[in-house]
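# An overview of the molecular structure
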Amino acid sequence: MSSNSFAYNEQSGGGEATELGQEATSTISPSGAFGLFSSDLKKNEDLKQMLESNKDSAKLDAMKRIVGMIAKGKNASELFPAVVKNVASKNIEIKKLVYVYLVRYAEEQQDLALLSISTFQRALKDPNQLIRASALRVLSSIRVPIIVPIMMLAIKEAAADLSPYVRKNAAHAIQKLYSLDPEQKEMLIEVIEKLLKDKSILVAGSVVMAFEEVCPDRIDLIHKNYRKLCNLLVDVEEWGQVVIIHMLTRYARTQFVSPWREDDGLEDNEKSFYDSDDEQKEKTDKRKKPYTMDPDHRLLIRNTKPLLQSRNAAVVMAVAQLYWHISPKSEAGIISKSLVRLLRSNREVQYIVLQNIATMSIQRKGMFEPYLKSFYVRSTDPTMIKTLKLEILTNLANEANISTLLREFQTYVKSQDKQFAAATIQTIGRCAANISEVTDTCLSGLVCLLSNRDEIVVAESVVVIKKLLQMQPAQHGEIIKHMAKLLDSITVPVARASILWLIGENCERVPKIAPDVLRKMAKSFTSEDDLVKLQILNLGAKLYLTNSKQTKLLTQYILNLGKYDQNYDIRDRTRFIRQLIVPNEKSGALSKYAKKIFLAQKPAPLLESPFKDRDHFQLGTLSHTLNAKAAGYLELSNWPEVAPDPSVRNVEVIDLAKEWTPAGKAKNENPTKKFYSESEEEEDSSDSSSDSGSESGSESGEEDEEGDSSEDSSEDSSSEPESESGRQSDTENRRVAKRNSKTKGKGDSKDEKKENEKSKTSDSSNAESSSVEESSSDSESESESESESESRKVTKVSTPVFVPMKTHVLLHRMSGKGLAAHYSFPRQPCIFGDKMVSVQITLNNTTDKKIENIHIREKKLPIGMQMHVFNPIESLEPEGSITVSMGIDFCDSTQTASFQLCTKDDCFSVNIQPPVGELLLPVAMSEKDFKKEQGMLTGMNETSATIIAAPQNFPPSVILQKVINVANAGVVPSGQDNIHRFAAKTVHSGSLMLVTVELKEGSTAQLIINTEKTVIGSVLLRELKPVLSQG
């Protein structure tokens, strides 16, 4: 290789021969190749000089080239000292690239990395979340036991970080630390327990992976987080989905009873006939108890169903194995369509999917029978795929489809791929053995193949025929004679041995042919394969016992040949046979039974699928693929007879709310208001306890519902806060009535204050409360709880500013055959649900005939989206018009809600896509509160743009009109003429959306949007920018 490079170097002048910054060779020969290696040295020296430069641009350029070298697989380890010097660079871009390099080489260059450990520790406090995360990654990559305490401290701090990205990296570091020092297990479990409570979808997959690595047996850590993980599953990244699904599969097998009992309950009806009355009564009582699925079990099955449509094959496979292992058998059928879809992927994915289908199709043929044609072999398939498809086709074969399959197999036998052709012949044999109706057909077909030109096909046919004839030998003497003639032409040892075995077993049925076969075999004995020699010895022994007149001398000759054979197995067999069949003084009692031993009836071979014994491994795992237990494999446990206590998964939501209420403020504010007597307090407490009981009951009821997965999962997430807010407002109304009717009374002002705060937040977001719970895991919980409770006061919905209502075409009269439909957003709270956007639809009949039964059906909504439709309209008169209201929960996204608008005779597909500004509700807020909230929503939660327009476009009234036209926001009073502020919150989650327009000198203005919903924020910024720029 060096000579080639040198030649190239000469041609190109040596300047561009090798990659810039390529590794230098340790030895430099004094010959002509010196020019090449010195140029390499110069290039690396060049990079070192650039890294030591004072200019950031040169350092950045050098780091980009070095990272490029690593990406191409080249060794850049010798640059480590020069790179590590820049770890303290103030330039963020350089620092990021340095950390990328250090993560790659820190393990190799541990001593040099340890010199910079103080810099990494400082970087853990960096304001940039990417730097903090990268520093933790580098620190966990230095695999030296001496820094374990430092790593442990860094992981604990990172686990409490405000950035979910840093917490995600903390979860990754847990696994590295555990592999370095397993003694830290208990401390790491504490961190895992804390991170499992994290509400961020970014962290969920990583912490579950850490859980699986460190403490997979600690199921108790999952109990409280089970429902949260089920609900987050759809939003987690694909890698995390796979990990969580596998973990939840194991969890379900330990916590729920088998859903397959309902299928097994009817099997022992006949067995109870002879039982006593008491025993029979007990059994019937047991059968009377119908199987009811645990709501949490149903929640897992329902929330994983949408993931069958994932673009990631690993996610689909994970959901498929979950359904296979934990769902009722009647529901597992839905995975078949998704698995068949994966067969359009690349060959590696096909191989894994087909292996799993092969295992499934043995137990439940009906799942894949409708997709039989999907398993037909293509000419472009590699051999491994062809073989697996054959296996599945064999498993799916039955009396109804066998004729079709046999025609398909006839084509496969002619394939140029000899290994595949041989596998097809084995498949035909298995079909013949399993389906008695086609046994004769298959046998005649295989006999025809014996005249094939290809020796491999003939040899495989002989082996398969031998197995089939064992099942019914008496009927097929002609086939045995035909096969005996093939001994002259077939050379494959296995086939020759099979023919000899068949003739030996049936020597009494072919008395003329068998001795002649033995004579021919005696001639070629010394040149035969060992396998064939053993069968020749067996044939000689059997003929000696049944036809000793003709074969006595031949058998003795063969035994003499075997006595001096090179293979000790053959020599051993020869001595054994001689003592057994040739009686002499030394032979024992066994020689009397020689005929019974050699000519005993052999059991027919059982032709089984090679995948039959794989079902004890979990589908989709490496162990299942290898059919051997791989390192780290976690076995699925058997279903428990009695389900463990389901209450361990209950989460005390009410207690959390009380914990976050600022008790100090409740005591200080309004100390004189004591409205209730002690008896009334007791009534209220009983009311609240009954409310909480009904809440838990309704929650479990909702989880037990079946139906469309997307609607059900969104119902679970939305119904609980709605019902809670409703109950709180009812309680508040009762208390107001009591205050009006009584002028005196004693009460607990603290409880009253808490109830007032709760009622104020009844229509605020679920996401906001979840963010409060999330921050409880941080060390600064007390101060954050105060700020959160105060911020909840400011998100009070105000009356929207009036703007002309825009209408959008839903259905044109030409497309709707005379029915026209328009929709608009009235910007009013939706009467159908707090999380829904109100939509008005105006229907016009432009025909001269009455249109009847106008209604909506076949809603095609994205996952999580919900729609409350209008009641069917019986009729719409000619030239008539009617306006109806709908509610749509867009889940804070601009995704299209598709459905069918139908009349008595026709259906029309229509779409509603909301402008981003209509997903908001205006919020009344003071300037002080606005600034406080804005200060909490900086960094990644802030997007901004500069607007250039004529000064006449910037008077307050124009800015107000333009912003309100685009977004349904409330105006915040401002003490500065050049700053205009607007506040809103998203309808679904209640996340604040803060818009600031700051006028600069000249004709420019700064548009700033602060929100947790960064996607909506960036879309709103794109819509506002051109509107504010226009004249």
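All values reported here derive from a predicted model rather than from experimental measurement.

Next up on the list: the overall build of the protein chain. Counting its secondary structure elements, the protein chain contains 43 helices and 16 strands. Counted over contacts in the protein chain with a minimum sequence separation of 6, partners at least 24 positions apart contribute 68%. By element, 51% of the accessible surface of the protein chain is carried by carbon and sulfur atoms, the whole surface being about 51,100 Å².

Should the pLDDT be low somewhere, the predicted coordinates at that spot are not to be read in detail. A residue-level look at the protein chain finds 77% of positions with pLDDT of 70 or above and a mean pLDDT of 77. Confidence drops under pLDDT 50 across residues 1-41; counting only partners more than four residues distant or on other chains, this segment forms 43 contacts. Here residues 654-793 scores under 50 on pLDDT; set against residues more than four positions off or in separate chains, the count is 166 contacts.

Take the nonpolar core next. If you look at the biggest cluster of nonpolar residues, it comprises 195 residues, and the most contacted ones within it are I66, Y101, L102, L339 and F375. A per-element tally of this core places helix 18 (residues 313-326) first, with 11 residues. Not counting chain neighbours up to four residues away, the residues in contact with F375 comprise V340, L343, L354, I357, F368, K389, I392, L393 and L396.

The interhelical angle for the contact between helix 21 (residues 383-396) and helix 23 (residues 418-434), taken along N-to-C directions, is 10°, at an axis separation of 10 Å. Comparing their axes, helix 23 and helix 21 come out roughly parallel. For the pair helix 21 and helix 23, the contacting residues are T383, K386, T387, L390, E391, T394 and N395 in the first and Q419, F420, A423, T424, T427, R430 and C431 in the second. In the contact of helix 21 with helix 23, the residues fall into four nonpolar, seven polar and three charged.

What follows covers the packing of aromatic side chains. Under the criterion given, the structure shown has 11 aromatic pairs. Here the aromatic rings of F80 and Y101 are separated by 5.9 Å at their centres, their planes lie at 40°, and the arrangement is tilted. Placement of F80 in helix 4 (residues 80-84) and of Y101 in helix 5 (residues 92-105) is noted, with a sequence separation of 21 residues between them. Overall, Y101 belongs to the buried group, its relative accessible area being 0%. Plain terms: the ring middles of Y226 and F256 are 6.0 Å apart, the flat faces sit at 65° to each other, and that makes the pair edge-to-face. Here Y226 is found in helix 13 (residues 226-232), whereas its partner F256 is found in the loop between helix 14 (238-255) and helix 15 (261-264), with 30 residues between them in sequence. Exposure remark for Y226: the relative accessible area of 0% places this residue in the buried category.

For helix 21, which comprises 14 residues, the first-to-last C-alpha distance of 20 Å matches the rise-based estimate of 20 Å (1.5 Å per residue) to within 8%. The inward-facing, buried residues of helix 21 contact helix 20 (347-363), helix 22 (402-413) and helix 23.

Right, let's get into the pattern of salt bridges. Applying the stated rule across the entire model yields 33 salt bridges. The residue R649 makes a salt bridge to D294 at a minimum N-O spacing of 3.5 Å. With a gap of 355 residues between them, R649 in the loop between helix 33 (622-626) and helix 34 (653-660) and D294 in the loop between helix 16 (277-288) and helix 17 (295-304) connect regions that are remote in the sequence. For D906, the salt bridge is made with K817, and the minimal N-O distance between the two is 3.0 Å. With a gap of 89 residues between them, D906 in the loop between strand 9 (897-902) and strand 10 (907-912) and K817 in the loop between strand 2 (807-811) and strand 3 (819-824) connect regions that are remote in the sequence. Here D906 falls in the partly exposed class, since its relative accessible area comes to 23%. Here the residues in one salt-bridge network are R227, D294, D296 and R649, joined through shared partners.

Turning our attention to helix 24 (residues 439-449). Every buried residue of helix 24 is accounted for by T439, C442, L443, L446, V447 and L449. Seen from one end, helix 24 has its buried residues packed into an arc of 150°, which puts them on one side.

So, on to the sheet that holds strand 9. The strand order 7-5-9-10 describes an open sheet built from four strands, whose pairing is antiparallel. With one partner strand each, in any of the chains shown, strand 7 (873-876) and strand 10 form the two edges of the open sheet. The sheet shows a mean angle of 35° between the axes of neighbouring strands, taken without regard to direction. Pairing between strand 9 and strand 10: six bridges, direction antiparallel.

Conventions we followed
- Residues numbered from 1 in each chain as written.
- Predicted model: local features only at pLDDT ≥ 70, side-chain atom pairs only at ≥ 80, totals over all residues.
- Heavy atoms only, no water.
- Helix = DSSP H or I, 4+ residues; strand = E, 2+ residues; numbered from the N terminus.
- Contact = heavy atoms within 4.5 Å.
- Areas by Shrake-Rupley, 256 points an atom, 1.4 Å probe, with all protein chains shown as cover.
- pLDDT = per-residue confidence, 0-100.
- Core = buried A, V, L, I, M, F, W, Y, C linked by side-chain atoms within 4.5 Å.
- Buried < 20%, exposed > 50% of the residue type's maximum accessible area, 1.4 Å probe, protein only.
- Axes fitted to C-alpha atoms, helices over the stretch in contact; angles between N-to-C directions.
- Parallel < 35°, antiparallel > 145°, perpendicular 65-115°, else oblique.
- Nonpolar A, V, L, I, M, F, W, Y, C, P; charged D, E, K, R; others polar.
- Phe/Tyr/Trp six-rings, centres within 6.5 Å; stacked < 30°, edge-to-face > 60°.
- Expected span 1.5 Å × (residues − 1).
- Salt bridge = Lys/Arg side-chain N within 4 Å of Asp/Glu carboxyl O.
- Arc of directions from axis to C-beta.
- Pairing = 2+ DSSP bridges.

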